[in-house]
Amino acid sequence: MCNISYGIERRALNKGKEEGREETLVGTLRNLMGNLGVGIDQAMKIAGLDESEYPKYRRLVEG
């Protein structure tokens, strides 16, 4: 039983970390766009995001 609850806890922690990372990146992208006057694609490039992540973060920033 302990292994099951540990696994559930680890998944919850990992999900929380990922959500926190997403929120931070969305804030960073919005700041870059506002402060530098660049578009979303340029902001993602400046932030060093992999192009495979562009659609995900475009949705999150524009949503």
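Use the structure listed above.
Residues numbered from 1 in each chain as written. Predicted model: local features only at pLDDT ≥ 70, side-chain atom pairs only at ≥ 80, totals over all residues. Heavy atoms only, no water.

S.K.: I keep staring at the packing of helix α2 (residues 40-47) against helix α3 (residues 54-62) and nothing clicks. Help me out?
M.R.: Packed helices, taken two at a time, are described by their axes: the angle between them and the distance between them. Orientation of α2 relative to α3, taken along the N-to-C sense of each, is 120 degrees, at an axis distance of 11 Å. In this view, α2 runs oblique relative to α3, as classed from their interaxial angle. Between α2 and α3 the crossing geometry is right-handed. The segment α2 lies against α3, with Ile40, Asp41, Met44 and Lys45 engaging Tyr54, Tyr57, Arg58, Val61 and Glu62. (Axes fitted to C-alpha atoms, helices over the stretch in contact; angles between N-to-C directions. Helix = DSSP H or I, 4+ residues; strand = E, 2+ residues; numbered from the N terminus. Parallel < 35°, antiparallel > 145°, perpendicular 65-115°, else oblique. Left-handed = near helix turned anticlockwise from the far one by under 90°. Contact = heavy atoms within 4.5 Å.)

S.K.: Help me understand the nonpolar core in this model?
M.R.: Side chains that are nonpolar tend, in soluble globular proteins, to be buried together. Judged by nonpolar contacts, Leu25, Val26, Leu29, Leu32, Ile40, Ala43, Met44, Leu49, Tyr54, Tyr57 and Val61 together constitute the single largest core of 11 residues. If you list the elements that add at least two residues to this core, you get α1 (2-36), α2 and α3. Once residues lying within four places of it in the same chain are set aside, the contact partners of Val61 are Val26, Leu29, Arg30, Met33 and Ile40. (Core = buried A, V, L, I, M, F, W, Y, C linked by side-chain atoms within 4.5 Å. Buried < 20%, exposed > 50% of the residue type's maximum accessible area, 1.4 Å probe, protein only.)

In short, the description is geometric, and any link to function would need to be established separately.
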